[in-house]
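# Observations on chain architecture
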Amino acid sequence: MEENRQTKRETLMAEAPIPGLILKMAVPTIVAFLINSIYSLTDTYFVHFLGTNATAAVSVNASLDQLIMMAGSMLAVGAASYSSRLLGARDGKKASQVLSTSFFGAFTFGLVVGVLGLSFTRPLVYLLGATPTCEAFAIQYADYVLLVAPFMACNFVMNQCLRAEGSAMLSMFGMGFGGILNCVLDPIFIFQFDMGVAGASLATAISKLVSFAILIFPYLTRRSVLHLSVRNVRIVKDILYQVVSVGSSSMFRSGLAVVSAIILNNIAGSISDSVLAGVGVSTKIMMFPFGIILGFGTGFQPVAGFNWGAKRYDRVRESFRFATKASIAIGLVIGVALALGADGLIALFAERDPEMVAVGALCVRLQCLVMPIHGWVAVANMFCAGLGEARGALILSSARQGTCFIPVVYPLAWAFGATGVASVQAVADVLSLALAVPIIRRVLGKVRRAEEALAAQGAPSRPV
């Protein structure tokens, strides 16, 4: 039975038409990301009835999620990339070792973050950008999230590895059900139980635990291709190098995202809580289009990685061409639609705060303007990660909220105030394009040379 599942998966990844295959892999992931975005916005929506200060506190704690994500996403992305290539090379045993090593490593990291965070919650929220007027709310929200940090870190690994083995529907269900549950629990805990901001945090924590239970179920019941077990843990050079070298791009992206968010929160908070809340709400609204783009890229990555491992270089090139066209089209369509409704969307979270609406809507519109660029750079990043190009993946993943963001945030804020704060992410997206183009040219050259070498050996990339 297990061998039959593996054979079906290999046939699907190596023979199915590329456009349909990428969409099949991507759609469940997109749905899961959208649901995740919905419940992130649900917290903000219900909390905004408690006032701008409470909304600002939830915005500040978005950086806490990114902090937990740092090593969890590093291990997740690295494990998914390597296990996908191993499955393409028909080495399922080692792929299971990669999964297990990464899973327990993520749990350990999450545990450390949770213990340290709960021990120093007040300085932590100030570090993340809290102001004196929203400090109490920020602490309330952080407490429950920190308690489930180990499980959140593990969720990233299981999500990515389920997609890597072609089980995108299981991944979607795990993320999606937790998100729906959070939407149901938020108003109950916030208003019916009169817990306020702490209620939103508790609802999020319970949802993360439920997602963990759903995601681990196929591994515990042996319904997955990869096997999760403490006996499969292998702390060896090969696995550590492959996981960390590729996954470090995601860790640096998350780490720089935390640093950038802290800088932006502190600058915005120094202007007013309204600017801080406006930028925070716009960030959560932009999770919808970014979730679609990231979900599409996540569906594309294992297709490219599997076929690279299987030496199907023709399919590697074809998958990148299709992903390029689709990402630009997606970014263009969604960007136009979202820009037209920006004012109304922000107003849902700040009907009594015109400054918050103005800053948030400007932030949304500017990012929509450059969304096709963001979509293509995201695909380029996933392409590098899928093929094990650690250096390229690191550069591109750290560009948008790091190397292209941090150098411009202070000059823009100094020169243009709240307008500069709202525009910094869009400017960083444009700058990241300059990094992506030469990297992709080099990686495509690598694919071409590998295909030529294979043909010289008398083994064509395309099956005869």
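Residues numbered from 1 in each chain as written. Predicted model: local features only at pLDDT ≥ 70, side-chain atom pairs only at ≥ 80, totals over all residues. Heavy atoms only, no water.

## As for the overall build of the protein chain
From N to C terminus, the protein chain includes 20 helices and zero strands. Taken against the 2.2 N^0.38 rule, which gives 23 Å for 464 residues, the C-alpha radius of gyration of the protein chain at 22 Å falls within 12% of a compact globule. Taken along its principal axes, the extent of the C-alpha atoms in the protein chain is 70 × 45 × 35 Å. With 464 residues in all, the protein chain has 60% of them scored as buried. Put simply, 83% of the contacts in the protein chain that link residues at least 6 apart link residues at least 24 apart. Summed over all atoms, the accessible surface of the protein chain reaches about 18000 Å², with 69% contributed by carbon and sulfur. (Helix = DSSP H or I, 4+ residues; strand = E, 2+ residues; numbered from the N terminus. Rg over C-alpha atoms; globule rule 2.2 N^0.38 Å. Buried < 20%, exposed > 50% of the residue type's maximum accessible area, 1.4 Å probe, protein only. Contact = heavy atoms within 4.5 Å. Areas by Shrake-Rupley, 256 points an atom, 1.4 Å probe, with all protein chains shown as cover.)

## Looking at the packing of aromatic side chains
One pass over the structure, following the stated rule, counts 12 aromatic pairs. Residues Phe173 and Phe177 carry aromatic rings whose centres are separated by 5.9 Å and whose planes lie at 35° to one another, so their mutual orientation is tilted. Taken together, the residues Phe173 and Phe177, both in helix α8 (residues 168-192) and four residues apart, mark about one turn of the helix. Pairwise contacts between aromatic rings join Phe103, Phe104, Phe107, Phe151 and Phe212 into one cluster. (Phe/Tyr/Trp six-rings, centres within 6.5 Å; stacked < 30°, edge-to-face > 60°.)

## Some points on the environment of Met195
Here Met195 lies in the loop between α8 and α9 (197-220). Contact partners of Met195, with chain neighbours within four places excluded, come to Gln140, Tyr144, Phe189, Ile190 and Leu202.

## Some remarks on the nonpolar core
Leu64, Ile285 and Val364 are the most contacted members of the largest nonpolar core, which totals 69 residues. With sequence-adjacent residues up to four places away left out, Val364 is seen in contact with Ser282, Ile285, Met286, Leu338, Ala342 and Ile346. The next biggest cluster of nonpolar side chains, apart from the first, holds 41 residues, and it includes Ile18, Phe296, Trp308 and Ala323. (Core = buried A, V, L, I, M, F, W, Y, C linked by side-chain atoms within 4.5 Å.)

## A short note on the confidence of the model for the protein chain
Here the protein chain shows a mean pLDDT of 86. Residues at 70 or above account for 94%. Per-element averaging of pLDDT across the protein chain places helix α1 (residues 2-15) at the bottom with 66 and helix α13 (residues 313-340) at the top with 94. (pLDDT = per-residue confidence, 0-100.)

## Structural notes on α9
If you check α9, its first and last C-alpha atoms are 35 Å apart, about what 24 residues at 1.5 Å a residue would give, namely 34 Å. By the criterion of burial, α9 is predominantly enclosed, with 18 of the 24 residues buried. At the C-terminal side of α9, Arg222 shows a positive phi close to 60°. (Expected span 1.5 Å × (residues − 1).)

## Describing helix α20 (residues 418-456)
With 39 residues, α20 extends 59 Å from end C-alpha to end C-alpha; this agrees with the ideal 57 Å at 1.5 Å per step. At Val424, α20 is deflected by roughly 40°, the largest bend along its length. (Bend = angle between axes of the 7 residues up to and from the residue.)

## Here we look at empty space enclosed by the protein
Enumeration according to the criterion identifies two cavities of 30 Å³ or more in this entry. When residues of the lining of the second largest cavity are traced back to their parent elements, those giving at least two are α3 (52-88), α7 (149-164) and α12 (287-309). Grouping the amino acids of the lining of the second largest cavity by side-chain chemistry returns three nonpolar, five polar and one charged. (1 Å grid on protein atoms, 1.4 Å probe; cavity = no way out; pocket = protein on both sides within 12 Å on 5 of 7 lines; lining within 4 Å. Points joined across faces, edges and corners; volume = space filled by probe spheres on them. Nonpolar A, V, L, I, M, F, W, Y, C, P; charged D, E, K, R; others polar.)

## Topic: the environment of Leu431
Along the polypeptide, Leu431 turns up in helix α20. Sequence separation between Leu431 and Phe405 is 26 residues, and the spatial gap between their C-alpha atoms is 8.6 Å. Setting aside residues no more than four positions away along its own chain, Leu431 makes contact with Cys404 and Val408.

## Focus on unusual backbone geometry
Located in the positive-phi region is Arg222, a residue other than glycine, with phi close to 60°. Note on placement: Arg222 falls in the loop between α9 and α10 (237-271). Owing to a relative accessible area of 45%, Arg222 belongs among the partly exposed residues under this scheme. In the Ramachandran plot, Lys311 falls in the positive-phi region, its phi being about 60° despite a non-glycine side chain. By the element assignment, Lys311 lies in the loop between α12 and α13. For Lys311, a relative accessible area of 45% gives the class partly exposed.

## Quick word on the pattern of salt bridges
Enumeration over the complete set of coordinates arrives at nine salt bridges. Put simply, Glu135 and Arg122 hold a salt bridge, and the shortest N to O gap is 2.8 Å. Of the two residues, Glu135 is situated in helix α6 (residues 135-147) and Arg122 in helix α5 (residues 121-127); the sequence distance between them amounts to 13 residues. Within the structure, one salt-bridge network assembled from shared partners comprises Glu15, Arg312 and Asp314. (Salt bridge = Lys/Arg side-chain N within 4 Å of Asp/Glu carboxyl O.)

## Quick look at the side chain of Ser83
By the element assignment, Ser83 lies in helix α3. Exposure remark for Ser83: the relative accessible area of 0% places this residue in the buried category. Discounting chain neighbours no more than four positions away, the residues touching Ser83 are Ala95, Ala164 and Leu226.

## Brief notes about the state of the cysteines
Enumeration according to the criterion identifies zero disulfides in this entry. The structure places no disulfide on Cys368, whose sulfur is separated from the nearest cysteine sulfur, that of Cys363, by 9.7 Å. Since its relative accessible area comes to 5%, Cys368 is described here as buried. This cysteine, Cys384, is not joined by any disulfide, and Cys404 carries the nearest cysteine sulfur, 14 Å off. The exposure class of Cys384 is buried, given its relative accessible area of 0%. (Disulfide = S-S within 2.5 Å.)

## With respect to the side chain of Ser96
Relative to the assigned elements, Ser96 resides in helix α4 (residues 92-119). Classification of Ser96 by relative accessible area gives buried; the value is 5%.

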